[in-house]
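Read off the chains here:
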Amino acid sequence: MATFTYKALDGRGATASGQIDGDNKSAVAANLRNKGLTVVDINEVKTSLAQIDIFASMQRVKARDLTIFSRQFATMINSGLSMLRALSVLEEQTENKKLATVLGQVRGDVEAGIALSDALEKHPKVFSPLYINMVRAGEIGGILDEVLNRLATQLEKDDSIRRAVKSAMVYPIMIASFALIVMLGMVLFLIPVFAGMYKELGNAKLPMLTRMMVGASDTMKSWKGVIVFVVVIALVVIIRKAKHTDKGTEIWDRFKLHVPMGIGEVIRKIAVARFSRTLGTLVSSGVPILQAIEITGKSAGNVVIEHAMNAVQVSVKEGQTISAPLKNSSVFPDMVVQMISVGEETGSLDSMLQKVADFYEDEVNAAVKSLTSILEPIMMLGVGTLVGLVVISMYLPIFNMMNIVKQ
């Protein structure tokens, strides 16, 4: 026997809430219905730490886990399995412990008479607004299996772009990390050896580059180095916190779109591809256009696009087109605006958006490969330059040793 909190509506439509004991959510829901109440929400009250799976709560639900779940759920629904049976099977076979726990709670809510979309909405860290609203549209339209397949495709596309960008950045990050480790090793261990050797030469004047390197080494090994380290860490923390403010997020998102060496252009194409795929998927799934625009703005991952979506919402409410406000945004290329305009005129906005998404996803893959080919030699050149400066600064006095000895 467990304790549950509930929210329900009585015969007059008034809200009723409280706590009730029962074996499970289904039994509690049946008990409430017998009392003439319409169930809105039921949640089990956790009474001890033993009921909490600590490892499951720490685990993260990855896009791949959600994609597999969506595909399998769609297949089961399409095959004629009841929703409760499908959720029960998926709960048992899902390898991700956190997702299995969430599915168990969702199954309990559905069993208690709560709509699937409302049950998913209780877990915002696992199911995004995009996911929830598409499921809700699928429930209303009776095409839940089709919508789940579209969601799986959307998740696969997003994950594919994310993995392509991450894999492309692995090599440059490794090179940069290696360069930093080498520099620290040379400054902390190699330079002091040479500095001690040069001190034995007396008051000989060392070259400027050598003196700079020796000074940097002395600073890093003294208490001043600790201060520098603390200041750097503090700056990183301050910048990270500033990024999470509304103004900081806006500045950072605008800056990302203008990063040189083609990086900003890649970020722009990723944003356009995500915008097109998300809006196209929502529209094709039957989500109302104003709601679809709002969800697209929130899930775009860039404040600039979110502001553009706010302008689009105002335009649509006034009976105007989607494409008109996009022309005033610096993010969307003319080709995208024109294709959306044609889609609105021909009544095929969803298919046009999917074509735009496909095109820009291919563009992202090509741009990432091109960026990687440019970054690799630049990073290698940078590492070579840094190491070369340290080595030259240490050996420069040796090359001029005769002049130092004469002094």
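Residues numbered from 1 in each chain as written. Predicted model: local features only at pLDDT ≥ 70, side-chain atom pairs only at ≥ 80, totals over all residues. Heavy atoms only, no water.

*Asks:* It is not clear to me how the environment of P333 should be interpreted in this structure. Could you clarify?
*Replies:* For P333, the location among the structural elements is in the loop between α15 (323-326) and α16 (334-346). A relative accessible area of 27% places P333 in the partly exposed class. Sequence spacing of P333 and V272 is 61 residues, and the spatial spacing of their C-alpha atoms is 8.9 Å. Leave out the neighbours within four places in its chain, and P333 touches V272 and Y360. (Helix = DSSP H or I, 4+ residues; strand = E, 2+ residues; numbered from the N terminus. Buried < 20%, exposed > 50% of the residue type's maximum accessible area, 1.4 Å probe, protein only. Contact = heavy atoms within 4.5 Å.)

*Asks:* It is not clear to me how the pattern of salt bridges should be interpreted in this structure. Could you clarify?
*Replies:* In a structure, side chains of opposite charge can pair up when their charged atoms sit close to one another. Considering all chains together, one arrives at 11 salt bridges under this definition. A salt bridge links E265 to R268; its shortest N-O distance comes to 3.6 Å. Taken together, the residues span about one helical turn, with E265 and R268 both in helix α12 (residues 263-284) at a distance of 3 residues. Among the residues examined, R268 registers a relative accessible area of 13% and is labelled buried. Residues joined in a network through salt bridges with shared partners are E91, R107 and E111. (Salt bridge = Lys/Arg side-chain N within 4 Å of Asp/Glu carboxyl O.)

*Asks:* I would appreciate a short explanation of the environment of G388 in the present structure.
*Replies:* Structurally, the position occupied by G388 is in helix α17 (residues 349-399). C-alpha separation for the pair G388 and D218, spaced 170 residues apart in sequence, amounts to 20 Å.

*Asks:* Where do I start with helix α4 (residues 83-93) in this structure?
*Replies:* Since one α-helical turn is 3.6 residues long, residues separated by three or four positions face the same way. Among the residues of α4, A86, L87 and L90 are the ones counted as buried. The arc that holds every buried residue of α4, seen down its axis, measures 95 degrees, which confines them to one face. Residues of α4 that are exposed and point more than 90 degrees away from the buried face comprise R85 and E92. Turning to α4, the residues buried within the fold contact α3 (63-78), α5 (97-111) and α6 (116-121). (Arc of directions from axis to C-beta.)

*Asks:* Looking at this structure, I do not really get the side chain of S70. What am I missing?
*Replies:* In this fold, S70 is placed in helix α3. Residue classification places S70 among the buried residues on the basis of a relative accessible area of 0%.

*Asks:* Teacher, can you tell me more about the nonpolar core here?
*Replies:* Generally speaking, nonpolar side chains in soluble globular proteins are found buried as a group. Within the largest apolar cluster, 68 residues are counted, with the highest numbers of intra-cluster contacts made by L66, F69, L116, F127, Y131, L326 and F332. In terms of residues, this core owes the most to one element, α17, which gives 9 residues. Excluding anything up to four places from it in sequence, F332 contacts V272, F275, I305, A308, M309, L326 and V337. By size, the runner-up hydrophobic cluster in this structure holds 12 residues, among which are A29, L32, I42 and A112. (Core = buried A, V, L, I, M, F, W, Y, C linked by side-chain atoms within 4.5 Å.)

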